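Summary of the model geometry
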Amino acid sequence: MGVSKMATMTEESKTKERVEMREQPPLVRARNFREVPYGYSPEEAFEEAGRCLSCKNGPCREGCPVGVDIPGFIGLIKERRYLDACYKVKERNALPAVCGRVCPQELQCESRCLMGKKGKPVAIGNLERFVADYEAANGDMKIPERPRSTGRKVAVIGSGPGGLTCAVDLAKSGHHVTLFEALHKPGGVLIYGIPEFRLPKAIVEREVEYITKLGVEFVPNAVIGKLYTIDELMNGRGYDSCFICIGAGLPMFLGIPGENLNGVCSANEYLTRANLMKAYLFPEYDTPIKVGKRVAVLGGGNVAMDSARVALRLGAEKVYLIYRRSEAEMPARKAEVHHAHEEGIEFVLLTNPAGFVDDGKGNVCAVECIKMELGEPDETGRRRPVPVKGSEFQIEIDVAIPALGTRANPILTKTVPDLMINRKGYIVAEEGSGMTSKPGVFAGGDIVTGSATVILAMGAGRRAANAVNEYLKWKYWEFK
Amino acid sequence: MYKILKKEDLSEQITLFDIEAGDIAQKARAGNFFILRTHEQGERIPLTIADFDRGRGTITTVFQKVGKTTHHLGTFNEGDYITDVIGPLGNHSHIDNFGRVVCVGGGVGIAPVYPIARALKEAGNKVTSIIGARSKSILFWEEKMRRVSDDLIITTDDGSCGTKAVVTVPLEDILSSEKVDLVVAIGPAVMMKFVCRTTATYNVKTIVSLNSIMIDATGMCGGCRVEIGGETKYTCVDGPEFDGHLVDFDLLMKRLQAYIPEEHTAMCGGKMNGGK
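Residues numbered from 1 in each chain as written. Chains lettered and ligands numbered in written order. Predicted model: local features only at pLDDT ≥ 70, side-chain atom pairs only at ≥ 80, totals over all residues. Heavy atoms only, no water.

The next subject is the overall build of chain B. When its secondary structure is counted, chain B shows nine helices and 17 strands. Rg of the C-alpha trace for chain B: 18 Å, near the compact-globule value of 19 Å for 276 residues, within the 12% margin. When its C-alpha atoms are laid out on the principal axes, chain B stretches across 60 × 40 × 35 Å. Here chain B, with 276 residues, has 58% of them falling under the buried criterion. (Helix = DSSP H or I, 4+ residues; strand = E, 2+ residues; numbered from the N terminus. Rg over C-alpha atoms; globule rule 2.2 N^0.38 Å. Buried < 20%, exposed > 50% of the residue type's maximum accessible area, 1.4 Å probe, protein only.)

Right, here's the structure in full:
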């Protein structure tokens, strides 16, 4: 393509509408587990890339927790060099097909896009997804040359997004990296948590394959704290350093009556059955799941949206999403809330569950609720919901899924006496480096911060990898 | 992949495997359990570690063919591989010299009681073991249990071996005639419930090991929740052993039934879920 034509396109970009990704129609997709958006065609990607102003300072890049060269890769799309664009992303991000799908771009890169000042920002996430899928469909997976071995061994504990990112960076630095995973498959939340229709598992498997091709050794079925302790890894098994990125773990419940009735199961359990164990293919796969005719999901985060949409796809006739505040306060991504609405999830807002009703045989048959109104702002700045007296009512259900967040899992931490944890059980680690109270041991992701996002864990993995590199050079440790 | 080094049918429904799992064997202790997944489409189920051999690098498990997965597992032979084996999980038994101890094992629960009885005996306790089953044909490990016990009492529901009684009958005889410091009971939930009811009247501390439904068994799913003294606990991370006098057994039994309709579908090879 000639230079002059490109210049014209940049001029035009100011007025061009954002190219939205085509999606399965809501009422069709609500009954299948296939991915919701179809992805861009090369033409669509080319057109959308043309909206990018190629800003010199690239404000979008500052919004990316792993510092992807966004103007760089979009520039390559403008030249129709789609494979090169993918390689450009992979210089900084080993999981582009995942991030293109599940990152909250609207709060990160896209929130900084100049195009967003007047209209809609460039669809950076969609473009990232496109180049990654394009590589998978058209190109050979390009494996960077392996550097000379440093002879150092690093154990990365947890193969979720943070662990994968850290493992890649360390392998690229020439260390021998072992990735320990408690479950039977790598990927952490990408495998057990995020549903197929939002992140197809084949895509996660492909990205993990890339990571093992970089030389990362993967050990499944290894519950650190049980099978090996951190001290055994560092002393007996010869690891020079460890990065702990095990996620948060234990699901929270409300502590209301009837919570242990059959038919009440945590979002973690429901999603693990559906995603990791593929219960949506039961009985072809052996793990069962309660399908439910009338399902209530409790909570307003992304996990709640995922649970509600899984319930619908399993065949529930009616799915309620019960949230104690109003839609404006929901922590879920706007796009996910929109998808849930479109698919017919009924939002029951400003409502708090007060208990579950027993059908007399140990199964849940209804959820008791009370209406709430918004009062003064709380410590998070969101208006605090307060119960409205006398507003109690019941919703008939046969499955209830509390999606209320998680708390720290103690299995690993309680076997490392010199690892400092806070009052709530999370590991105390320096923000910039992930350095902990135990020499040689770094930590990051949800087990440090509490529940957060895929990309924030990836950012922590990146920073920890840099810090591990420094540590292996100097073996210097000062933790404040 | 984890190789089955030995298979022994202890009865028509009960099978023993020695599984090659060196690192788990190094760490396994009485009271631990593990998770296995037979094949790619398989579910994750918890099984007890009935014994371990650190030198050979094996763990021993004994299971009863009750559902789809255990029936499938029963078709595996020596030399076959199990796709996934994860452990050792759960807290191990608290072993100490308590003094006078009674170990009660019912049905397939005899297997996990064995390493606990052995450890208690080695710790200096006087151990009486009571093992029970419906009938002689499904009773196993009499000799093994005898070797680690000062006394062994056998009961069967039909009287085909030992005393014709349920395990609580000889247990009550012991409790009424001498001071017992600790009772350990593992077996069907209903057996543990009645053992606890019996020991409660004599105010004897009783430890039970619960067999809840689990998926990850590392605290992540919360599927194994039980109520202990009115508080919700996770069998996988807080247990599997609990003070039997605090366990809500009726809730446990209901929760164990949660997937019976689906289990039936799986066994019949039927079709259930919609959206594919």
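Ranked by size, the top nonpolar core spans 79 residues in total, and within it A:Ile70, A:Phe73, A:Ile74, A:Ile77 and A:Leu127 carry the most contacts. Sort the elements by how many residues they give to this core and helix H19 (residues 454-474) of chain A lands first, with nine residues. A:Met234, A:Ile447, B:Ala28 and B:Phe52 belong to the second-largest nonpolar core, a separate cluster that totals 43 residues. (Core = buried A, V, L, I, M, F, W, Y, C linked by side-chain atoms within 4.5 Å.)

This next bit is on the interface of chain A and chain B. Many analyses report the size of an interface as the accessible area lost when the parts associate. Facing the 54 residues of chain A at the interface are 51 residues of chain B. Between chain A and chain B lies a buried interface of about 4,400 Å² when both sides are counted; carbon and sulfur atoms form 51% of it. At the boundary of chain A with chain B, the tally comes to five salt bridges. Of the charged contacts, one joins A:Arg237 and B:Asp23 as a salt bridge, the two residues approaching to 3.6 Å between their closest N and O atoms. Put simply, chain A and chain B have 24 residue pairs in polar contact (both at pLDDT 80 or more) between them. Of all the secondary-structure elements, those providing two or more residues to the side of chain A that touches chain B are strand E5 (249-251), helix H14 (267-274) and helix H15 (302-314) of chain A. The element contributing the most residues to the side of chain A that touches chain B is H14(A), with four residues. (Contact = heavy atoms within 4.5 Å. Buried area = accessible area lost by both parts, 1.4 Å probe. Salt bridge = Lys/Arg side-chain N within 4 Å of Asp/Glu carboxyl O. Polar contact = N/O pair within 3.5 Å; in protein donor to acceptor, adjacent residues only side chain to side chain.)

Another point: the sheet that holds strand E7 (residues 318-322) of chain A. Residues and elements named next belong to chain A. One open sheet holds the four strands; their spatial order is E8-E7-E6-E13, and the pairing between them is parallel. Edge positions in the open sheet fall to strand E8 (346-348) and strand E13 (399-402), since each of these has one partner strand only. Taken over all neighbouring pairs, the strand axes of this sheet differ in orientation by 20 degrees on average, direction set aside. Taken together, the three bridges between E7 and E8 define a ladder with parallel strand orientation. Looking at the pairing, leucine 321 lines up with phenylalanine 347 of E8. (Pairing = 2+ DSSP bridges. Axes fitted to C-alpha atoms, helices over the stretch in contact; angles between N-to-C directions.)

Moving on, we come to the environment of A:Glu196. All names here are of chain A. Examined against the element boundaries, glutamate 196 turns out to sit in the loop between helix H11 (189-192) and helix H12 (201-213). With a relative accessible area of 18%, glutamate 196 lands in the buried category. In this structure the C-alpha to C-alpha distance between glutamate 196 and glutamate 35, which are 161 residues apart in sequence, comes to 6.7 Å. Beyond its immediate stretch of four places on either side in the chain, glutamate 196 contacts Phe33, Lys201, Asn275, Lys278 and Tyr280. A distance of 3.1 Å separates a polar side-chain atom of glutamate 196 from the backbone nitrogen of lysine 201.

So, about the packing of helix H5 (residues 168-177) of chain B against helix H6 (residues 189-202) of chain B. Residues and elements named next belong to chain B. Viewed as axis vectors pointing N to C, H5 and H6 meet at an angle of 15 degrees, and their least axial separation amounts to 10 Å. On the basis of the axis angle, H5 is roughly parallel to H6. Judged by the sense of rotation from one axis to the other, the crossing of H5 with H6 is right-handed. Here Thr168, Leu171, Glu172, Leu175 and Ser176 of H5 come into contact with H6, specifically with Phe194, Val195, Thr198, Thr199 and Tyr202. Here the contact of H5 with H6 is built from residues that sort into five nonpolar, four polar and one charged. (Parallel < 35°, antiparallel > 145°, perpendicular 65-115°, else oblique. Left-handed = near helix turned anticlockwise from the far one by under 90°. Nonpolar A, V, L, I, M, F, W, Y, C, P; charged D, E, K, R; others polar.)

What follows concerns the sheet that holds strand E9 (residues 100-106) of chain B. Residues and elements named next belong to chain B. Pairing within the open sheet is mixed, and its seven strands lie in the order E12-E11-E10-E9-E13-E14-E17. The open sheet is flanked by strand E12 (163-164) and strand E17 (241-243), the only strands paired with a single partner. Note: strand E14 (residues 206-209) against E17, three bridges, orientation antiparallel. Residue pairing in the sheet places isoleucine 207 in a bridge with aspartate 243 of E17.

Turning our eyes to something else, we now look at the pairing of strand E13 (residues 182-186) of chain B. Working note: regular strand, side chains alternate between the two faces of the sheet. All names here are of chain B. Counting buried residues in E13 gives five out of five residues, a clear majority hidden from the surface. Residue alternation in E13 divides its side chains into two sets, Leu182, Val184 and Ile186 and Val183 and Ala185, and both sets are buried. Pairing analysis gives five bridges linking E9 to E13, with the strands arranged parallel. Each bridged residue has a counterpart across the sheet, and for valine 101 the counterpart in E13 is leucine 182. Inspection of the sheet shows E13 paired to E14 by three bridges, in the parallel sense. Counterpart to valine 184 in the pairing with E14 is isoleucine 207.

This part is about helix H8 (residues 249-256) of chain B. All names here are of chain B. Among all positions of H8, only Phe249, Leu251, Leu252 and Arg255 are buried. Considered in projection along H8, the buried side chains sweep an arc of 160 degrees and stay on one side of the axis. Elements in contact with the buried residues of H8: H6, E14 and strand E15 (225-228). In this structure aspartate 248 caps H8, since a side-chain oxygen of it lies 3.3 Å from the backbone nitrogen of aspartate 250. (Arc of directions from axis to C-beta.)

What follows deals with the confidence of the model for chain A. Looking at chain A, pLDDT values average 93 and 97% of them are 70 or higher. Below a pLDDT of 50 lies the segment residues 1-5 of chain A, which in the model reaches four contacts outside its immediate sequence neighbourhood of four places, other chains included. (pLDDT = per-residue confidence, 0-100.)

The subject of this paragraph is the pattern of salt bridges. Residues and elements named next belong to chain A. Tallied over the entire structure, the rule returns 54 salt bridges over all chains. Glutamate 23 is the partner of arginine 29 in a salt bridge, and the nearest nitrogen-oxygen pair spans 3.5 Å. Among the residues examined, arginine 29 registers a relative accessible area of 0% and is labelled buried. Glutamate 23 gets classed as partly exposed once you look at its relative accessible area, which sits at 31%. Taken together, the shared-partner salt bridges connect Glu23, Arg29, Arg198, Asp306, Arg309, Arg313, Glu336, Glu342 and Glu343 into one network.

The next thing to look at is the environment of A:Arg80. All names here are of chain A. Relative to the helices and strands, arginine 80 resides in the loop between helix H5 (70-78) and helix H6 (82-90). Of the residues examined, arginine 80 reaches a relative accessible area of 37% and is grouped as partly exposed. Counting along the chain gives 28 residues from arginine 80 to glutamine 108, while the straight-line C-alpha distance between them is 25 Å. Among the polar contacts listed, one links the side chain of arginine 80 to the side chain of glutamate 43, at a separation of 2.9 Å.

Further remarks concern the side chain of A:Lys78. All names here are of chain A. The residue lysine 78 is located in helix H5 in this model. Buried and unpaired, lysine 78 has glutamate 79 as its nearest opposite-charge partner, separated by 8.9 Å. A polar atom in the side chain of lysine 78 sits 2.6 Å from the side chain of serine 54. (Lys, Arg positive; Asp, Glu negative; His and termini not counted.)

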